[in-house]
Amino acid sequence: MGIIKKLVGGFFLLILIGIIGVFGMQYYYENAYDQVPVEVKSETVSGDVFYLSNVLEPGKYLIKAESEGTVEKISILDENGNVLTESEGGKMIYGSSQRFQVRIDYKAPMNVDSYEVSVGIYRLVKK
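What comes next concerns the included structure. Each chain carries its own residue numbering, running from 1 in the written order of its sequence. Reporting in this predicted model follows two pLDDT cut-offs: at least 70 for local features of residues, and 80 or more for side-chain atom pairs to be given and counted; totals over whole chains, interfaces and linings ignore these cut-offs and use all residues. Hydrogens and waters are ignored; side-chain quantities use all the structure's heavy atoms.

### Here's the deal with the environment of Phe 100
The helix count covers DSSP runs of H or I at least four residues long, the strand count covers runs of E at least two residues long, and both are numbered beginning at the N terminus. In this structure, Phe 100 sits in the loop between β6 (91–96) and β7 (101–107). Phe 100 sits 43 residues away from Glu 57 along the chain, and the two C-alpha atoms are 7.0 Å apart. In what follows, residue pairs with any heavy atoms lying within 4.5 Å of each other are defined as contacts. Leave out the neighbours within four places in its chain, and Phe 100 touches Asn 54, Val 55, Leu 56, Glu 57, Tyr 61, Ile 76, Leu 77 and Tyr 94.

### Structural notes on the nonpolar core
With 20 residues, the main nonpolar core has Ile 63, Ile 76, Phe 100, Val 102, Ile 104, Tyr 106 and Ile 121 as its most contacted residues. Looking at this core, the elements that each hand over two or more residues are β3 (59–67), β4 (70–77), β6, β7 and β8 (115–126). The element contributing the most residues to this core is β8, with four residues. Those residues within four positions of Ile 121 in sequence are excluded, and the remaining contacts are Val 36, Pro 37, Val 38, Glu 39, Tyr 51, Ser 53, Leu 56, Tyr 61, Leu 62, Ile 63 and Val 102. One finds Tyr 29, Tyr 33, Tyr 122 and Leu 124 within the second-largest nonpolar core, a separate group that totals six residues. Buried Ala, Val, Leu, Ile, Met, Phe, Trp, Tyr and Cys residues form a nonpolar core when they are joined through side-chain atoms within 4.5 Å. Relative accessible area decides the class of each residue, using a 1.4 Å probe on protein chains only: under 20% of the type maximum gives buried, over 50% gives exposed, and in between gives partly exposed.

### Looking at the sheet that holds β8
A pair of strands counts as paired when DSSP detects no fewer than two bridges linking them. Pairing in this open sheet of four strands is antiparallel, and the strands run β1-β8-β3-β6 from one edge to the other. Two strands close off the open sheet at either side, each with one partner strand: β1 (33–45) and β6. Here the average twist between neighbouring strands, direction ignored, is 20 degrees. Note: β3 against β6, six bridges, orientation antiparallel. Its bridge partner being in β6, Lys 60 is matched across the sheet by Gly 95. Under this scheme, a helix contributes an axis fitted over its contacting stretch, all axes are lines through C-alpha atoms, and angles between N-to-C directions fall in the 0 to 180 degree range. Sitting on the sheet, helix α1 (residues 2–32) touches β1, β3, β6 and β8, and the angle it makes with β1 is about 100 degrees.

### Describing the environment of Lys 107
Mapped onto the fold, Lys 107 is located in strand β7. Using a relative accessible area of 36% as the deciding quantity, one classes Lys 107 as partly exposed. Distance in space between the C-alpha atoms of Lys 107 and Val 71 is 6.3 Å, their sequence separation being 36 residues. When residues no more than four places from it in sequence are discounted, the contact partners of Lys 107 are Asp 48, Gly 69, Thr 70, Glu 72 and Tyr 115.

### Focus on the packing of aromatic side chains
The relative placement of two aromatic rings is captured by the distance of their centres and the angle of their planes. Any Phe, Tyr or Trp ring, taking Trp's six-membered ring, that has another such ring centre within 6.5 Å forms a pair; planes under 30 degrees apart are called stacked, those over 60 apart edge-to-face, and the others tilted. This structure, assessed with the given rule, holds six aromatic pairs. Here Tyr 29 and Tyr 33 contribute two aromatic rings whose centre-to-centre distance is 5.2 Å and whose plane-to-plane angle is 40 degrees, an arrangement assigned as tilted. For Tyr 29, a relative accessible area of 16% corresponds to the buried category. On the basis of relative accessibility, which here comes to 9%, the residue Tyr 33 falls in the buried class. Pairing Tyr 61 with Phe 100 gives two aromatic rings, centres 5.4 Å apart and planes at 80 degrees, and the pair type is edge-to-face. Linking Tyr 61 in strand β3 with Phe 100 in the loop between β6 and β7, this pair joins segments that are 39 residues apart in sequence. Tyr 61 sits in the buried class, given a relative accessible area of 3%.

Keep in mind that these numbers describe shape and distance, not what the molecule does.
Here it is in structure tokens:
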């Protein structure tokens, strides 16, 4: 029974270290880098929509998406349209040595004719 307690405790410790690592990296990138706007847009839309950015040059980027509805996911695509990675939620830091595009899927709120969506893509430049 003692080994099971150690395994469960170790598992939760690893999860805690992972969560601290993710938030620590996000804090570091937000404070050690300047955010240079690349694409910042806001628009009133209706229904489920998506946003597809221009092809971005290699580097580190902060991607923020907001909506009165739901930001379903942020997808990173290569130049051929293949999905490289996806993130649920409205904020993501992504770095690449290859050119890529950002696709953001928005879901409309219930019983609303139109709603506001926005996207901000910022290049992270070391201070």
